[in-house]
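Structural features, examined
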Amino acid sequence: MIDLTGRTAVVFGLANKRSIAWGIALKLHEAGATLAICYQNERLKAEAQSLIDELPGATGFQCDLSNDQEINSLFITLKEKYSRLDVLVHAVAFAPPEDLKGAFINTSREGFRIAHEVSVYSLIAVARAAAPLMTEGGSIITLTYFAAEKVVPNYNVMALAKASLEATVRYLAWDLGSKNIRVNAISAGPIKTLAARGIGALGDMLKAAADRAPLHRNVDQLEVGGAALFLSSPLSSAVTGEIIYVDCGYNIMGF
Ligand code: 0WE
């Protein structure tokens, strides 16, 4: 069993019980980690906090990652409360809904900017804030999607953001490697979350992904949590800059 007793993890991106952030939080909690769990705003607070209250020792924090002041004050609070950080999980992405449908060529300048700022710059910002607290080394984990590499119709501008996120993982891994801070991404197969619910053809996509994948099923949030637990633990001490697929093998198929 992986034991993260005495380790502290901060998790970004909790909206509800279907959130990938929640699957990850549950697995880290089960392994004994102390959790700081963050939700974006007042609108998400009640639901997020009721989940957080289920985990003894976990604390909820409100932080909108598009706001530098909120990031700064969050990390001041985290330093006061925990002194040190060991794990950071970034499970945050957003593009305006009108940029996730229709022709990619119609991607708006504003949609491009928002998708990259919320889904990619936010990782750079929290990594920079967290690194000084990771005094015994650390593990930074983000979430990506296969559409960064191969076309998934309608994913559109988010695909560009995920491609950039994957490159960001490599550059952060290089920057932070000398501090023994590892940076990796989990490329999860499609999961029915709040973020995915807006997608019209999600049901069809889940079915097609399960049909084609070697394991002939979809992945769930706890399986993503399992990979995050591995990346949070000394079992992955030589793994950095990687994209780890948790997709029932979907990505290996050529036909
Ligand atoms: O990364 C994602 C979803 C990211 C996402 C979802 C939304 C919906 C609501 C980002 N921004 C928004 N903005 C909204 O207003 N996935 C991997 C899930 C996903 O999203 C898709 C997919 C899949 C799979 C969009 C189009 C096609 C497939």
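Residues numbered from 1 in each chain as written. Predicted model: local features only at pLDDT ≥ 70, side-chain atom pairs only at ≥ 80, totals over all residues. Heavy atoms only, no water.

**Focus: helix α8 (residues 221-232)**
Here α8 is 12 residues long and its end C-alpha atoms lie 16 Å apart, about the 16 Å a rise of 1.5 Å per residue gives. Within α8, burial applies to Gln 221, Val 224, Gly 225, Ala 227, Ala 228, Leu 229, Leu 231 and Ser 232. Close packing links the buried residues of α8 with α1 (20-30), β4 (87-90), β5 (138-144), β6 (181-188) and β7 (243-246). The distance from a side-chain oxygen at the start of α8 to the backbone nitrogen of Leu 222 is 3.0 Å, and the residue carrying that oxygen is Asp 220. (Helix = DSSP H or I, 4+ residues; strand = E, 2+ residues; numbered from the N terminus. Expected span 1.5 Å × (residues − 1). Buried < 20%, exposed > 50% of the residue type's maximum accessible area, 1.4 Å probe, protein only. Contact = heavy atoms within 4.5 Å. Polar contact = N/O pair within 3.5 Å; in protein donor to acceptor, adjacent residues only side chain to side chain.)

**Description of the sheet that holds β4**
The strand order across the open sheet formed by 7 strands is β3-β2-β1-β4-β5-β6-β7, and the pairing between neighbours is parallel. Where the open sheet ends on each side, the last strands, each with one partner, are β3 (59-62) and β7. For this sheet the average axis-to-axis angle between neighbouring strands, irrespective of direction, equals 20 degrees. With 4 bridges connecting them, β4 and β5 associate as parallel partners. Directly across from His 90, in β5, lies its bridge partner Thr 142. With respect to the sheet, helix α4 (residues 109-130) is in contact with β1 (8-12), β4 and β5, its orientation differing from that of β4 by roughly 165 degrees. In the packing of helix α5 (residues 156-176) onto the sheet, contacts are made with β4, β5, β6 and β7, and the angle to β5 comes to roughly 170 degrees. (Pairing = 2+ DSSP bridges. Axes fitted to C-alpha atoms, helices over the stretch in contact; angles between N-to-C directions.)

Functional significance is not addressed by these values, which are geometric in nature.
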